[in-house]
Amino acid sequence: FFFIVLFCTQVNTPKRMASRLFLRNINRQTSFFSAPLFYSSVRFKTEYTFTFKDFGAESISEGTLNWSKKVGDYVEEDEEVCTIETSKATVFPNSPNSGVLLKLLKEDGATVEAGDDLWVIDTDASPPEESEPAPEETKKEPAKEQTKSEDKPKEKAKPKETKPQAPPKKAVTHEGSETRVSMDRMRQAIAKNLKDAQNTAAMLTTFQECDMYNLMKLRSEYKDLFLDTHGVKLGFMSGFVKASAQALMKHRNVNGYIDGDEIVYKDYVDINVAVATPKGLVTPVIRDCDKMSFADIEQEIGTLADKARKNRISLGDLQSGTFTISNGGVYGSMMGTPIINGTQSAILGMHAITKRAVVINDEIVIRPMMYLALTYDHRLLDGKDAVTFLRSIKENVEDPRRLVLDL
């Protein structure tokens, strides 16, 4: 029995010593002034570098950077940090994380390409606390002390001696002056595209007179009911878009374009509508116009116009149009020859509505008239095709019932 006890004691001695040392370490590390045994403070890397991937279109390779935020600003998730102005539209990179901007890796006005790093953000930073306004302290007006000097009559001020004025200098005028500013990317692209269209297409313009009486009468009778029902105003643009869509489905060659040695005919109707912005003219697309109602068209036009005014037109809003409508009449234009948009085959130009004397049923009457202009690519469209197409639009606008009956 003695040997057995002695053996167990020798065997268990290291374990006992280890357990004592472990308990002693626990007592040391779990004292009042020390940290817990199993706690470790590790600060992970919270800096995130944003890399701009691409512009969303193969035809765009670079853009001009404009910062919307500065170093030290707190940015919410999916909030706009900067804008990149390209030749077609403005791109708005948003922050994928919330935090405080630590670095801006490019200067304002720099050129940005796909794959460039733009900013560094601290994702561990907390938003700034809103400070409560301090209570307004009531200002006590000091009591006015009455002095004896106030009772004394004031002495009259002596008139100041006036010095003789020097004769006025003659203004130096320059015979001529000029101001040079850099052309932004969108204006450069507009200039290039218009000139390329002139150099490529064999453009010719044909005209028609359009009687707006029936469409204006329809609008005046139903504009209030239309607004109450659909929540959008009834304008003239929806009538022309609808009339053009029906004409394009009948005359498929106008809805096509030349691609090398081939002619491509589109089986759908996507109409670009020219919208003026502070930076230039843009042509966002109304898609599937042949399947849309008047209300759908007016709502889409309103949405695109609002995005254009706020400089929020995206690249997807500008691509894949098959026909373009430009309304110079809103600026008072009486007649013009619009330029074809890109690779399209034709463009419709609307103009101002003016009252003119016309002959109807052998009688001279006063009617609201508009000149319509159709510029077309003579390489693809013959004069007969263009005139027939424009007359189809004219007849649909002059008698809106044809649009309802699909005639």
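Thresholds applied
The written sequence of each chain sets the order in which its residues are numbered from 1. Only residues with pLDDT of 70 or above have their local features reported here, since the model is predicted, and side-chain atom pairs are shown and tallied only from 80 upward, although totals for entire chains, interfaces and linings are computed over all residues. Excluding hydrogens and water, the side-chain values take into account all heavy atoms of the structure. Two strands pair under a simple rule: DSSP has to find at least two bridges between them. Numbering of helices and strands runs from the N terminus, with a helix taken as a DSSP run of H or I at least four residues long and a strand as a DSSP run of E at least two residues long. Definition of nonpolar core: a set of buried residues of the types Ala, Val, Leu, Ile, Met, Phe, Trp, Tyr and Cys, connected through side-chain atoms within 4.5 Å. Only protein chains enter the accessibility calculation, which uses a 1.4 Å probe. A residue is then buried if its area is under 20% of the maximum for its type, exposed if over 50%, and partly exposed in between. Throughout, a contact is declared for two residues whenever any of their heavy atoms are within 4.5 Å. A carboxyl oxygen of Asp or Glu within 4 Å of a side-chain nitrogen of Lys or Arg is what we treat as a salt bridge. Any two rings among Phe, Tyr and Trp, with Trp reduced to its six-membered ring, count as a pair given centres within 6.5 Å; such a pair is stacked if its planes are under 30 degrees apart, edge-to-face if over 60, and tilted if neither. By definition, being over a ring means that NZ of Lys or CZ of Arg is both within 6 Å of the ring centre and within 35 degrees of the ring normal. Any N or O atom pair separated by 3.5 Å or less is treated as a polar contact, with the protein-specific requirement of one donor-capable and one acceptor-capable atom, and with residues adjacent in sequence counted only for side-chain atom pairs. For a helix, the expected span equals 1.5 Å multiplied by the number of residues minus one. Within a predicted model, pLDDT stands for the predictor's per-residue confidence, ranging from 0 to 100.

(A) Inspection of the sheet that holds strand S1 (residues 47-51) at higher detail. Taken together, the four strands give an open sheet; going across it, the order is S1-S8-S6-S3, and neighbouring strands pair in antiparallel fashion. Looking at strand neighbours, the two that pair on one side only are S1 and strand S3 (74-75), the edges of this open sheet.

(B) Examining the nonpolar core more closely. One finds Phe240, Ile271, Phe323, Ile325, Leu348, Phe389 and Val397 to be the most contacted residues of the largest nonpolar core, which totals 37 residues. Those elements giving two or more residues to this core turn out to be helix H5 (237-250), strand S12 (271-273), helix H6 (294-309), strand S16 (323-327), strand S17 (346-350), strand S19 (363-377) and helix H7 (383-398). Broken down by element, the residue count for this core peaks at seven residues, all from H5. Not counting residues up to four positions away in its chain, the partners in contact with Phe240 are Met212, Ile325, Leu348, Met350, Met370, Leu372 and Val397. With 25 residues, the next largest nonpolar core counts Ile60, Trp67, Val81 and Ala89 among its residues.

(C) Geometry of the pattern of salt bridges. Applying the stated criterion to the full structure yields 17 salt bridges. The partner of Lys106 in a salt bridge is Asp116, and the shortest N-O contact between them spans 3.7 Å. Taken together, the residues Lys106 in the loop between strand S6 (99-104) and strand S7 (111-113) and Asp116 in the loop between S7 and strand S8 (117-122) connect sequence positions ten residues apart. Residues Arg356 and Glu209 are paired through a salt bridge, measuring 2.9 Å at the closest nitrogen-oxygen approach. Within this pair, whereas Arg356 is found in strand S18 (residues 353-360), its partner Glu209 is found in strand S9 (residues 203-211), the two being separated by 147 residues in sequence.

(D) Looking closely at the sheet that holds strand S5 (residues 90-91). Pairing is antiparallel across the open sheet formed by four strands, whose spatial order is S5-S4-S2-S7. Of all strands in the sheet, those bounded by a partner on one side alone are S5 and S7. Note: strand S4 (residues 82-85) against S5, two bridges, orientation antiparallel. Looking at the pairing, Ile84 lines up with Val91 of S5.

(E) View of the packing of aromatic side chains. The tally for this structure, following the rule as stated, stands at three aromatic pairs. Here Phe323 and Phe389 contribute two aromatic rings whose centre-to-centre distance is 5.6 Å and whose plane-to-plane angle is 75°, an arrangement assigned as edge-to-face. Taken together, the residues span a long stretch of sequence, with Phe323 in strand S16 and Phe389 in helix H7 at a distance of 66 residues. One exposure class covers both Phe323 and Phe389, and it is buried. Through a chain of ring-to-ring contacts, the aromatic side chains of Phe50, Trp67 and Trp119 assemble into a single cluster. Stacked on the ring of Phe236, the Lys or Arg Arg219 has its end atom at 5.1 Å from the ring centre. Above the ring of Tyr371, the side-chain terminus of Arg356 is found at 4.3 Å from the ring centroid.

(F) Region of the structure containing the side chain of Arg356. Classification of Arg356 as buried rests on a relative accessible area of 17%. Engagement of the side chain of Arg356 in a polar contact is seen with the side chain of Glu209, the distance being 2.9 Å. Sequence-distant contacts of Arg356, that is, excluding residues within four places in its chain, are made with Glu209, Met334, Val365, Ile366, Arg367, Met369, Met370 and Tyr371.

(G) Up close: the side chain of Asp73. Of note, Asp73 is situated in the loop between strand S2 (62-67) and S3. One polar contact links the side chain of Asp73 to the main-chain amide nitrogen of Lys70, over a distance of 3.0 Å. When neighbours within four sequence positions are excluded, Asp73 is seen to be in contact with Gly99, Val100 and Leu101.

(H) Representation of helix H4 (residues 213-230) within the structure. End to end, H4 covers 24 Å across 18 residues, agreeing with the expected 26 Å (1.5 Å per residue, within 8%). Of the residues trailing H4, Gly231 is marked for its positive phi of about 75°.

(I) Broad picture of the pairing of strand S10 (residues 256-259). Examined bridge by bridge, S10 and strand S11 (residues 262-265) share four bridges and lie antiparallel to one another. By the bridge assignment, Ile258 is partnered in S11 with Ile263. Between S10 and the antiparallel strand that follows it, S11, lie two residues; Gly260 among them carries a positive phi value of about 70°.

(J) Here's a closer look at the confidence of the model for the chain. In the predicted model, the chain carries a mean pLDDT of 79, and 77% of its residues have values of at least 70. Contacts for the low-pLDDT stretch residues 1-43, under 50 throughout, to residues beyond four places or in other chains number eight contacts. This model gives residues 143-152 a pLDDT under 50, and the stretch forms one contact once residues within four places in sequence are excluded.

(K) Expanded view of unusual backbone geometry. The phi dihedral of Asp78 is positive, around 65°, even though this residue is not glycine. Relative to the elements of secondary structure, Asp78 occurs in the loop between S3 and S4. Asp78 sits in the exposed class, given a relative accessible area of 56%.

(L) Structural context of the environment of Tyr331. Along the chain, Tyr331 falls in the loop between S16 and S17. A relative accessible area of 66% places Tyr331 in the exposed class. Tyr331 sits 20 residues away from His351 along the chain, and the two C-alpha atoms are 8.6 Å apart.

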